[in-house]
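Below, each chain spelled out in residue letters.
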Amino acid sequence: MKQRQISLETLRILCMLFIVAGHIGNRSAIVPYELSSFSTIAPHCVDCFFIISGYFLINSGFKSERILKIAAETIFYSFTVTMVFFLLGQCDIIQLLKSLTPIYGYWFVNKYLALILLSPFICKLCTSINKRMYQILIVSLLLLGSTLFKYFPFGILFGDGFSLLWVITIFITGGYIRLHLSNRIDNWGIITIILLIIYNLCRIYAGAFINLGYNSLITYALAITTFMWFNNLKISGTGIIAKS
């Protein structure tokens, strides 16, 4: 695996860990509230997943096995885990049967499958337009799908952070980075930390009127800088990270 791919795979793994930690912190009555601070960076970790997908898939062709593999793995793990709870008497037969159709219940999976299905057309469009038009496309999608203040500029009129519109926006952003963005900044890590501080200050003091969900402009910017930070890292085969 190439060094750049190793660094981004490392980012993918870290995002998974933070998302899981965030869900535990939000839902557990045992975990102290302070530990749930892991969840404060979970939203941009989700966006990072779609940026990584766009970065690698923008120049690749459609593969139907991707859809089949994701669907099969989701059904397998959903049914297996639910079966364990069923045997322990923690759920009924209805819940067990519902676990065979998890795609309807997991927003990330169904949006990702839809994205993969549409990706050949999205990629064809993105690779056929020039840099200027690509920038206009991203700005237009951000105008329609993102928010800074709650319900501004358009709120959930065209879709929220769970919508396919937003997923496509993040995906083509990853594609833009791959096709057009030259990495001329060395301090992506510092920028990411500054944005993370701003994010948490907004969460603490302005969470009532500033949107910090998946489609927040702050979350969006944080996801981009985090991606660029890791994309600018060199990770050796021994796992030692050094600046490229």
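Residues numbered from 1 in each chain as written. Predicted model: local features only at pLDDT ≥ 70, side-chain atom pairs only at ≥ 80, totals over all residues. Heavy atoms only, no water.

Draft legend 1. Seen up close, the side chain of Thr225. Topologically, Thr225 is positioned in helix 9 (residues 217-231). In terms of polar contacts, Thr225 uses its side chain to reach the backbone carbonyl oxygen of Leu222, at 3.1 Å. In contact with Thr225, not counting residues within four places along its chain, are Trp188, Ile191, Thr192 and Leu195. (Helix = DSSP H or I, 4+ residues; strand = E, 2+ residues; numbered from the N terminus. Polar contact = N/O pair within 3.5 Å; in protein donor to acceptor, adjacent residues only side chain to side chain. Contact = heavy atoms within 4.5 Å.)

Draft legend 2. Representation of the packing of helix 5 (residues 107-128) against helix 7 (residues 164-180) in the model. Here helix 5 crosses helix 7 at 45°, and the two axes come no closer than 9 Å. As the angle between them shows, helix 5 and helix 7 are arranged oblique. As helix 5 packs across helix 7, the resulting crossing turns out to be right-handed. Mapping the contact onto sequence places Trp107, Lys111, Ala114, Leu115, Leu118, Ser119, Ile122, Cys123, Cys126 and Thr127 in helix 5 and Leu164, Val167, Ile168, Phe171, Ile172 and Leu179 in helix 7. For the contact of helix 5 with helix 7, a count of residues per class yields 13 nonpolar, 2 polar and 1 charged. (Axes fitted to C-alpha atoms, helices over the stretch in contact; angles between N-to-C directions. Parallel < 35°, antiparallel > 145°, perpendicular 65-115°, else oblique. Left-handed = near helix turned anticlockwise from the far one by under 90°. Nonpolar A, V, L, I, M, F, W, Y, C, P; charged D, E, K, R; others polar.)

Draft legend 3. Just helix 9, in detail. End to end, helix 9 covers 21 Å across 15 residues, agreeing with the expected 21 Å (1.5 Å per residue, within 8%). The element helix 9 is largely enclosed, with a buried count of 12 among its 15 residues. Of the positions making up helix 9, those classed as buried are Ile218, Thr219, Tyr220, Leu222, Ala223, Ile224, Thr225, Thr226, Phe227, Met228, Phe230 and Asn231. The backbone nitrogen of Ile218 lies 3.1 Å from a side-chain oxygen of the residue at the head of helix 9, namely Ser216. (Expected span 1.5 Å × (residues − 1). Buried < 20%, exposed > 50% of the residue type's maximum accessible area, 1.4 Å probe, protein only.)

Draft legend 4. Inspection of the pattern of salt bridges at higher detail. Evaluated as defined, the whole model comprises 1 salt bridge. Here Glu9 and Arg12 are joined by a salt bridge, their closest N and O atoms 3.3 Å apart. You can see Glu9 and its partner Arg12 sitting in helix 1 (residues 3-27), 3 residues apart, about one turn around the helix. (Salt bridge = Lys/Arg side-chain N within 4 Å of Asp/Glu carboxyl O.)

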